[in-house]
Amino acid sequence: MKVLITGAGGYIGQQLAQLYLHDQHEVIAVCRNTIPQTLIDLGITIIECDLSKGCDKLPHSDLVIHAAAQTHLDKTADTKSYQQNNVESTVKFI
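Cut-offs and rules
- Residues numbered from 1 in each chain as written.
- Predicted model: local features only at pLDDT ≥ 70, side-chain atom pairs only at ≥ 80, totals over all residues.
- Heavy atoms only, no water.
- Buried < 20%, exposed > 50% of the residue type's maximum accessible area, 1.4 Å probe, protein only.
- Helix = DSSP H or I, 4+ residues; strand = E, 2+ residues; numbered from the N terminus.
- Right-handed = clockwise from strand over helix to strand, strands pointing away.
- Pairing = 2+ DSSP bridges.
- Contact = heavy atoms within 4.5 Å.

Draft legend 1. Region of interest: the pairing of strand β2 (residues 26-31). For β2, a buried count of 5 out of 6 residues is recorded, marking the element as mostly surrounded by other parts of the structure. For the crossover that starts at strand β1 (residues 2-6), traverses helix α1 (residues 11-22) and ends in the parallel β2, the hand is right-handed. By the bridge criterion, 4 bridges tie β2 to strand β3 (residues 45-48) in an arrangement that is parallel. By the bridge assignment for β3, A29 is matched with I46. Handedness of the crossover is the feature at issue here: the chain leaves β2, passes through helix α2 (residues 37-42), returns alongside β3, and the resulting connection is right-handed.

Draft legend 2. The environment of T6, seen in detail. Take T6: it is sitting in strand β1. Look past the residues within four positions of T6 in its chain and what remains in contact with it is V30, L51, I65, H66, A67, A68 and F93.

Draft legend 3. Region of interest: unusual backbone geometry. Positioned with a positive phi, Q24 is a non-glycine residue whose angle comes to about 70 degrees. For Q24, the position within the fold is in the loop between α1 and β2. Assessed through its relative accessible area of 69%, Q24 is described here as exposed.

Now the structure itself:
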């Protein structure tokens, strides 16, 4: 099964990518600005893309896990940034 995971640069996305890879699935990781060395070392296909700007190069997948989001832990983020990264990016992704 081909699994596409957005937000694969974050903790939850990384864990999901490793889990599905361990279960012998083909994993495609979508990362915005952080590409974890772990994913590179595992040989996972990585696509660098900012979902809020739109991504037209995402391949067809059997399963999509949308884990991309900006959390409240980023103290430098403002309301506009949250809306762009959490709402607008999801709408463009669908």
